[in-house]
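# Descriptive structure summary
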Amino acid sequence: PSFYSYQSLVSKIIQEEYVAPICELIETDLRFAVYSKNLDSSKRNGNNRFAAGVRKFITAPPLYVCRRKIDVKAEIESYLEKTFYDLSTVSLNDCNNYTEMRSIANE
């Protein structure tokens with residue numbers, strides 16, 4: 001195996017085991033924030049603890065693995081933009097919810 005096949009393998013593993021789960025957790029957290037507006041503030045504070053725990057991954061500098069730059073923040077932004085766009089075009093009724101999720105994510 002060449003260096004490039006090893007590089008591709010490592011990049012794929014990082015994407016699947018590190019970046020993708022973070023993206024999915026953030027999406028779930030944003031959904032919870034939008035759909036739980038009517039909950040009392042004590043229940044929403046648990047959500048803020050989760051967001052604070054994820055923030056360290058978002059603000060971390062890019063990873064350099066096998067001469068490849070992996071910018072977790074950019075990966076998350078790309079994932080959310082694609083998800084919001086795809087879901088907004090499928091279900092126009094939920095477009096306002098996705099717009100609000102995008103707004104919360106930008107904070």
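So, here's what we can say about the structure. Everything numeric here is computed off the predicted structure, so don't read it as measured data.

The next subject is the overall build of the protein chain. Counting its secondary structure elements, the protein chain contains four helices and two strands. The buried share among the 107 residues of the protein chain stands at 24%. The contacts of the protein chain with a sequence gap of at least 6 include a subset with a gap of at least 24, amounting to 68%. When the accessible area of the protein chain is evaluated, it comes to approximately 7500 Å², of which 55% is carbon and sulfur surface.

Here we come to a nonpolar patch on the surface. On the surface, Phe3, Tyr4 and Tyr6 cluster together to form a nonpolar patch covering roughly 360 Å² of accessible area. Summarising the element assignment, Tyr6 is placed in helix H1 (residues 3-35). Since its relative accessible area comes to 47%, Tyr6 is described here as partly exposed.

This part is about the pattern of salt bridges. Counted by the stated rule, this structure contains two salt bridges. Among the ionic pairs, Asp86 bridges to Lys82, the shortest N-O distance being 2.7 Å. Here Lys82 and Asp86 lie together in helix H3 (residues 72-90), a separation of four residues that amounts to about one turn. What makes Asp86 partly exposed here is its relative accessible area of 30%. What makes Lys82 exposed here is its relative accessible area of 54%.

Quick look at the environment of Leu30 now. Assignment of secondary structure puts Leu30 in helix H1. Relative accessible area serves as the criterion here: at 5%, Leu30 is assigned to the buried category. Residues in contact with Leu30, not counting those within four places in the same chain, are Leu80, Phe84, Met101, Ile104 and Ala105.

Attention now goes to H3. For H3, which comprises 19 residues, the first-to-last C-alpha distance of 27 Å matches the rise-based estimate of 27 Å (1.5 Å per residue) to within 8%. Taken together, the buried positions of H3 are Val72, Ile76, Leu80, Thr83, Phe84 and Ser88. Along the axis of H3, the buried residues cluster in a sector spanning 120°; they form a single face. Along H3, the residues that are exposed and aim more than 90 degrees away from the buried face are Lys82, Tyr85 and Val90. One side-chain oxygen at the N-terminal end of H3 lies 3.3 Å from the backbone nitrogen of Lys73; it belongs to Asp71.

As for its position among the elements, Thr83 is in helix H3. Among the polar contacts made by the side chain of Thr83, one reaches the main-chain carbonyl oxygen of Tyr79 at a distance of 2.8 Å.

Now for the packing of aromatic side chains. Applying the stated criterion across every chain, the model contains one aromatic pair. Here Phe3 and Tyr4 contribute two aromatic rings whose centre-to-centre distance is 5.7 Å and whose plane-to-plane angle is 75°, an arrangement assigned as edge-to-face. Relative accessible area serves as the criterion here: at 34%, Phe3 is assigned to the partly exposed category. Residue classification places Tyr4 among the exposed residues on the basis of a relative accessible area of 57%. Directly above the ring of Phe3 sits Arg67, whose terminal nitrogen or CZ lies 5.0 Å from the centroid.

Conventions used here
Residues numbered from 1 in each chain as written. Predicted model: local features only at pLDDT ≥ 70, side-chain atom pairs only at ≥ 80, totals over all residues. Heavy atoms only, no water. Helix = DSSP H or I, 4+ residues; strand = E, 2+ residues; numbered from the N terminus. Buried < 20%, exposed > 50% of the residue type's maximum accessible area, 1.4 Å probe, protein only. Contact = heavy atoms within 4.5 Å. Areas by Shrake-Rupley, 256 points an atom, 1.4 Å probe, with all protein chains shown as cover. Patch = residues over 30% accessible without salt bridge, like charges linked within 9 Å, V, L, I, M, F, W, Y side chains within 5 Å. Salt bridge = Lys/Arg side-chain N within 4 Å of Asp/Glu carboxyl O. Expected span 1.5 Å × (residues − 1). Arc of directions from axis to C-beta. Polar contact = N/O pair within 3.5 Å; in protein donor to acceptor, adjacent residues only side chain to side chain. Phe/Tyr/Trp six-rings, centres within 6.5 Å; stacked < 30°, edge-to-face > 60°. Lys NZ or Arg CZ within 6 Å of the ring centre and 35° of its normal.

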